[in-house]
Amino acid sequence: MRMPQAGHDPRRARDFEAFVAGAGGRLLHAATLLTGERSGAAPAAERLLIGALARTYAGWDRLRGEDPYDRTRQELAARFARTAWRHRRPRGGLLDRLPPQERLVLVLRLYEGVAEEQVAAALGLPVERVRALCRRAAAAMRSRPPARTGGAAPPPRGRAPRRTPARTATGTQREVEGAA
């Protein structure tokens, strides 16, 4: 007597592969922004995404009309939040100078376009706190120059660095989307 193998459904596998082919790049970019790594060399982001995708695949049959992208994004955010202490060290990415919680809120709000209320519910924070974290993170991204990466000469001493006009949240959003 043959025992059915768990997870051996070719249609399920094809559907999941199609989902990953369509959404994998954007999800990896979001994971890279979360971990603060540079694009192309982001092993922590890849591990984070693989864990989130594995969880989505495990519950694939239970999605029942739910958007798999939303489910994977929620799992990605939850995994990052649980392991945020691992992502405090600067890694050269665009958002690596932000604390993990601010990074998470900024990515969910500006890169992924998730509503404040949904972010607050997912993180277990009041909406006002999410709003304040997003505002502070956006201000920090506008005010600080990008972190230097090897070989760049520091600005000459004795002369104040040139200030650029403050950007709107949309400008910060473009920076986040164009990163990596």
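For the structure, check the block above.
Residues numbered from 1 in each chain as written. Predicted model: local features only at pLDDT ≥ 70, side-chain atom pairs only at ≥ 80, totals over all residues. Heavy atoms only, no water.

(A) The arrangement of the nonpolar core in detail. Core analysis: the largest hydrophobic core is formed by 39 residues, its most contacted members being Phe19, Leu27, Leu76, Leu95, Leu98, Leu106 and Val107. Where this core is concerned, the elements lending two or more residues are helix H1 (10–35), helix H2 (43–58), helix H3 (68–82), helix H4 (100–111), helix H5 (116–123) and helix H6 (127–143). In terms of residues, this core owes the most to one element, H1, which gives eight residues. Not counting residues within four places of it along the chain, the set of residues in contact with Phe19 comprises Gly24, Leu27, Leu53, Trp60, Pro68, Tyr69 and Thr72. (Core = buried A, V, L, I, M, F, W, Y, C linked by side-chain atoms within 4.5 Å. Buried < 20%, exposed > 50% of the residue type's maximum accessible area, 1.4 Å probe, protein only. Helix = DSSP H or I, 4+ residues; strand = E, 2+ residues; numbered from the N terminus. Contact = heavy atoms within 4.5 Å.)

(B) Looking closely at the pattern of salt bridges. Counted under the stated rule, the structure contains ten salt bridges. Close ionic contact of Arg73 with Glu112 constitutes a salt bridge, the shortest N to O distance being 3.3 Å. Taken together, the residues span a long stretch of sequence, with Arg73 in helix H3 and Glu112 in the loop between H4 and H5 at a distance of 39 residues. When its relative accessible area of 11% is taken as the criterion, Glu112 is described as buried. (Salt bridge = Lys/Arg side-chain N within 4 Å of Asp/Glu carboxyl O.)

(C) Representation of H4 within the structure. Taking 1.5 Å as the rise per residue, H4 with twelve residues should run 16 Å; its terminal C-alpha atoms sit 15 Å apart, in good agreement. Among the twelve residues that make up H4, ten are buried, leaving the element largely enclosed by the rest of the structure. Positioned one or two residues after H4, Gly113 has a phi angle of 70°, which is positive. (Expected span 1.5 Å × (residues − 1).)

(D) Molecular detail of the side chain of Thr83. Tracing the chain through its elements places Thr83 in the loop between H3 and H4. Thr83 sits in the buried class, given a relative accessible area of 16%. At 2.9 Å, the side chain of Thr83 forms a polar contact with the backbone oxygen of Arg79. (Polar contact = N/O pair within 3.5 Å; in protein donor to acceptor, adjacent residues only side chain to side chain.)

(E) Fine view of the packing of aromatic side chains. Under the definition given, this model contains four aromatic pairs. Aromatic side chains Phe16 and Phe19 sit 6.1 Å apart centroid to centroid with 50° between the ring planes, which places their arrangement in the tilted category. Taken together, the positions of Phe16 and Phe19, both in helix H1 and three residues apart, correspond to about one turn of that helix. The exposure classification of Phe16 matches that of Phe19, with both residues buried. (Phe/Tyr/Trp six-rings, centres within 6.5 Å; stacked < 30°, edge-to-face > 60°.)

(F) Representation of the environment of Arg129 in the model. Mapped onto the elements of the fold, Arg129 is located in helix H6. Each C-alpha atom, one on Arg129 and one on Glu116, is 9.6 Å from the other, the two residues being 13 residues apart in sequence.

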